[in-house]
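Close look at the chain arrangement
Single-letter residue listing:
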Amino acid sequence: MARHPIGAGLCVAVPFTLFLLMLSREEEPDDPLFAVVFGLLMGLVFGLTAFSERLRQRGLKRLGI
């Protein structure tokens, strides 16, 4: 997963967004917007975590560990 941080973010963002859209109420117009924004934020967090893990592994490889 650390080799593809964008893929990791998308693998989290898409299902999470779809799940929140499934739970959204039809009478609330802001619920789909909330689902998309929150899904993108979750994807961003997971993508940045994978990216930092990639940098950590690169540093360990450089040190020979």
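Going by the structure above, here's the rest.
Structure report, in brief. Owing to the predicted nature of the structure, the values given are computational and were not obtained by experimental measurement.

How each quantity is defined
- Residues numbered from 1 in each chain as written.
- Predicted model: local features only at pLDDT ≥ 70, side-chain atom pairs only at ≥ 80, totals over all residues.
- Heavy atoms only, no water.
- Helix = DSSP H or I, 4+ residues; strand = E, 2+ residues; numbered from the N terminus.
- Rg over C-alpha atoms; globule rule 2.2 N^0.38 Å.
- Buried < 20%, exposed > 50% of the residue type's maximum accessible area, 1.4 Å probe, protein only.
- Contact = heavy atoms within 4.5 Å.
- Salt bridge = Lys/Arg side-chain N within 4 Å of Asp/Glu carboxyl O.
- Patch = residues over 30% accessible without salt bridge, like charges linked within 9 Å, V, L, I, M, F, W, Y side chains within 5 Å.
- Areas by Shrake-Rupley, 256 points an atom, 1.4 Å probe, with all protein chains shown as cover.
- Lys, Arg positive; Asp, Glu negative; His and termini not counted.
- Charge placed at Lys NZ, Arg CZ, Asp CG, Glu CD.

Before going further, it helps to examine the overall build of the chain. Check the secondary structure of the chain and you find 2 helices and 0 strands. Computed over C-alpha atoms, the radius of gyration of the chain comes to 16 Å, more than 25% over the 11 Å expected from 2.2 N^0.38 for 65 residues, which places it beyond the range of a compact globule. For the chain, the spread of C-alpha atoms along the three principal axes comes to 60 × 15 × 10 Å. Across the 65 residues in the chain, those meeting the buried criterion constitute 22%. Within the chain, contacts between residues separated by at least 24 positions form 58% of all contacts whose residues are at least 6 apart in sequence.

So, about the pattern of salt bridges. This model, assessed by the stated rule, comprises 2 salt bridges. Put simply, R25 and D31 hold a salt bridge, and the shortest N to O gap is 3.6 Å. Here E53 and R56 are joined by a salt bridge, their closest N and O atoms 2.7 Å apart. Within this pair, E53 and its partner R56 are both found in helix α2 (residues 31-63), separated by 3 residues, close to a single helical turn. Under the relative-accessibility criterion, E53 is labelled partly exposed at 26%. Among the residues examined, R56 registers a relative accessible area of 47% and is labelled partly exposed.

On the surface, a cluster of negative charge is contributed by E26, E27, E28 and D30. With respect to the helices and strands, the residue E27 is situated in the loop between α1 (5-23) and α2.

Just distances and angles here, no functional claims.
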